[in-house]
Amino acid sequence: MKTYIIGPCAMESRSLYLREANILLEILEGKNWYYKASFDKANRTSLNGGRGLGIKEGVQLFKEVKEKHPSIKLTTDIHECWQVEQLAPYIDCIQIPAFLCRQTDLLVECAKTFPIVNVKKGQWLGPDNACKSVDKIKNTSPNCEAWLTERGSNFGYNEMTVNFRHVPQFKESYDKVIFDVTHSTQCSDGFSAGGGDRVLAEKYFFAAPIFNYDGVFAEVHPNPPSAVSDGNSQIYLDRLKGMLRIHDSIQDSITGSPPVSNTLSLSDDQKDKKL
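Residues numbered from 1 in each chain as written. Predicted model: local features only at pLDDT ≥ 70, side-chain atom pairs only at ≥ 80, totals over all residues. Heavy atoms only, no water.

1. Digging into the pairing of strand 9 (residues 176–180)
Definition in use: Note on classification: 1.4 Å probe, protein chains only; a residue is buried when its accessible area is under 20% of the maximum for its type, exposed when over 50%, partly exposed between these limits. Helix and strand definitions follow DSSP, with helices as H or I runs of at least four residues and strands as E runs of at least two, each counted in order from the N terminus. In this scheme, strands are said to pair when DSSP sees at least two bridges between them.
Of all five residues making up strand 9, five are buried, and the element is well covered by its neighbours. Two elements, strand 6 (residues 145–150) and strand 9, share four bridges in a ladder whose sense is parallel. Its bridge partner being in strand 9, Leu148 is matched across the sheet by Val177. By the bridge criterion, three bridges tie strand 9 to strand 12 (residues 215–221) in an arrangement that is parallel. Of the residues in strand 12, the one forming a bridge with Asp180 is Phe217.

So this is what it looks like as C-alpha cells:
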C-alpha cells in the first residue's frame, strides 16, 4: 500500500492543526497516511522567518490530536537529540530534516526510539552518499524502518531538480522511498531560498506512481499564500481529494501494465523492415 505524508508545512496555530486533521481524516480514509506538521521550522533562511509554535505547545497538540483521533499517525521533524524523549510518546514516524540528514547522533538516537526514521535527502547529496545514512539507522536498530524522502537536488543553479533515474538505487537501500513533491519545486533568487511552484508540485504528485515511489509527501494548506512558511509550494487543501483520484487512477493503470524491459524489442513489422 502506498504511503502518504500530508499536512501543513508548519504548526501555525492550534485551530489550523486540529481543523486540518479532521479534514484529512475524511479525505484519506482507508489510506496509509501520516499527518505532518513542523512544530519548529528551525532552519529558515531568514532570522525573521515564521517557525511554528515550538516544542512545548507542539507536544501538547500532538497529545490532543492523538486523544481525539486514536488511529491517526503523526510525523514531524526533529532537530536536536534532547527532543527525542518528548516526541516519542506521540510520533509514529520521525523526520530527519535535509540539512541534518548525516547528523550521526541524531540518526542514532531516533533509530533507538522511533519505529520509523524518515530521512529527507540533502539537496547536495548524490545517490551513493544518500544511501550511506541507512547504515547508521540499521546498525543501531535493525527493526527500525529507514525511509528516504527525495526533495530535489541543486546542481549549481537556483532551482531544485529531480533525477528520477535514481529511485531504483534508493529502493535497494531504504525500506521506502517517498517523493516530496512540494519542496522539490523550490528555487532561490540568489539570496533567499524557499520559492516554489504549486502547479509543478501537483504534476509531481501525479508523477510519483509513474516512477515507482513508495509514497508521496505533500504539504497542503487551506490558504497557502497566508502560510508562515513555504507558501509558494504548498498545495491548496481543497484540491487534494481530486488529486488523489487522479493519482490513484494512474497507479491502477501502472499496476495493471506489464513490466517494462530495458531492452527494446521490435515488432514483426519492424523486423521485416529492418531485414
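2. Let's talk about the confidence of the model for the protein
Spelled out, the test is: Confidence scores per residue from the predictor, reported as pLDDT, run from 0 to 100. In this description, contact between two residues means that some pair of their heavy atoms is separated by no more than 4.5 Å.
Taken over all residues, the pLDDT of the protein has a mean of 88, while the share at 70 or more is 86%. Confidence over residues 263–275 falls short of pLDDT 50; this stretch has three contacts with residues more than four positions distant or in other chains.

3. Quick word on a nonpolar patch on the surface
Put simply, the rule is: Surface patches are defined over residues having more than 30% relative accessible area and no salt bridge, joining like charges when they lie within 9 Å and nonpolar side chains (Val, Leu, Ile, Met, Phe, Trp, Tyr) when within 5 Å. Accessibility throughout is a Shrake-Rupley quantity obtained with a 1.4 Å probe, and a residue counts as covered only by protein chains that appear here. Any carboxyl oxygen of Asp or Glu within 4 Å of a side-chain nitrogen of Lys or Arg constitutes a salt bridge here.
A cluster of nonpolar residues, Ile210, Phe211 and Ile254, forms a patch on the protein surface that exposes about 240 Å² of accessible area. Examined against the element boundaries, Phe211 turns out to sit in the loop between helix 7 (198–207) and strand 12. For Phe211, a relative accessible area of 33% gives the class partly exposed.

4. Let's talk about the side chain of Ser133
Rule in force here: We define a polar contact as two N or O atoms separated by no more than 3.5 Å, with the added condition that, inside protein, one atom must be a possible hydrogen donor and the other a possible acceptor, whereas residues neighbouring each other in sequence contribute only through side-chain atom pairs.
As for its position among the elements, Ser133 is in helix 5 (residues 127–140). A relative accessible area of 4% means that Ser133 is categorised as buried. At a separation of 3.1 Å, a polar atom in the side chain of Ser133 contacts the main-chain carbonyl oxygen of Cys101. Excluding its chain neighbours within four sequence positions, the residues that come into contact with Ser133 are Cys101, Arg102, Leu107 and Tyr174.

5. Comments concerning the pattern of salt bridges
For the coordinates displayed, the defined rule picks out 10 salt bridges. Residue Asp175 is joined to Lys138 by a salt bridge in which the shortest nitrogen-to-oxygen separation is 2.8 Å. Of this pair, Asp175 sits in the loop between helix 6 (167–173) and strand 9 while Lys138 sits in helix 5, placing them 37 residues apart in sequence. Under the relative-accessibility criterion, Lys138 is labelled partly exposed at 26%. Note that Asp214 is salt-bridged to Lys171, the shortest N-O span being 3.2 Å. Placement of Asp214 in the loop between helix 7 and strand 12 and of Lys171 in helix 6 is noted, with a sequence separation of 43 residues between them.

6. Considering the packing of aromatic side chains
Where we set the bar: Between the rings of Phe, Tyr and Trp (Trp by its six-membered ring), a pair exists once the centres lie within 6.5 Å; its type follows the angle of the planes, with under 30 degrees stacked, over 60 edge-to-face, and the other angles tilted. Whether a charge lies above a ring is judged from NZ of Lys or CZ of Arg, which has to be within 6 Å of the ring centre and within 35 degrees of the ring normal.
Throughout the structure, instances matching the rule amount to 12 aromatic pairs. Aromatic pair Tyr34 and Trp147: ring centres 5.6 Å apart, planes at 85°, arrangement edge-to-face. Within this pair, whereas Tyr34 is found in strand 2 (residues 32–36), its partner Trp147 is found in strand 6, the two being separated by 113 residues in sequence. Here Tyr34 and Trp147 have matching classes, each one buried. A connected cluster of aromatic rings, assembled from ring pairs, spans Phe164, Phe179, Tyr204, Phe211 and Tyr213. Directly above the aromatic system of Phe217 lies the positively charged group of Lys120, at a separation of 4.3 Å from the ring centroid.

7. Points about unusual backbone geometry
In this model, Asn212 sits at a positive phi of 65°, which is unusual for a non-glycine residue. As for its placement among the helices and strands, Asn212 is situated in the loop between helix 7 and strand 12. Given a relative accessible area of 43%, Asn212 falls into the partly exposed group. Although it is not a glycine, Asp230 sits at a positive phi angle of roughly 55°. Topologically, Asp230 is positioned in the loop between strand 12 and strand 13 (235–236). For Asp230, a relative accessible area of 12% corresponds to the buried category.

8. Brief notes about the pairing of strand 5 (residues 116–120)
Strand residues, when the strand is regular, have side chains that alternate between the two faces of the sheet. Operational definition: Throughout, right-handed denotes a crossover for which the path from the first strand over the helix to the second runs clockwise when the strands point away from the viewer.
The element strand 5 is extensively covered by neighbouring structure, given that five of its five residues are classed as buried. Residues of strand 5 alternate between two faces, with Ile116, Asn118 and Lys120 on one and Val117 and Val119 on the opposite face, all of them buried. On the question of chirality, the crossover connecting strand 4 (residues 93–96) to the parallel strand 5 by way of helix 4 (residues 104–113) is right-handed. Sheet topology places strand 5 next to strand 6; five bridges connect them, and they run parallel. Of the residues in strand 6, the one forming a bridge with Ile116 is Glu145.

9. Describing helix 1 (residues 14–27)
Since one α-helical turn is 3.6 residues long, residues separated by three or four positions face the same way. Cut-off, in case you're wondering: How far a helix is expected to stretch is found by multiplying one less than its residue total by 1.5 Å.
With 14 residues, helix 1 extends 20 Å from end C-alpha to end C-alpha; this agrees with the ideal 20 Å at 1.5 Å per step. Leu16, Tyr17, Leu18, Glu20, Ala21, Leu24 and Ile27 are the residues of helix 1 that are buried. Considering only its buried residues, helix 1 is in contact with strand 1 (3–7), strand 2, helix 2 (55–68), strand 3 (74–77), strand 12 and helix 8 (240–255).

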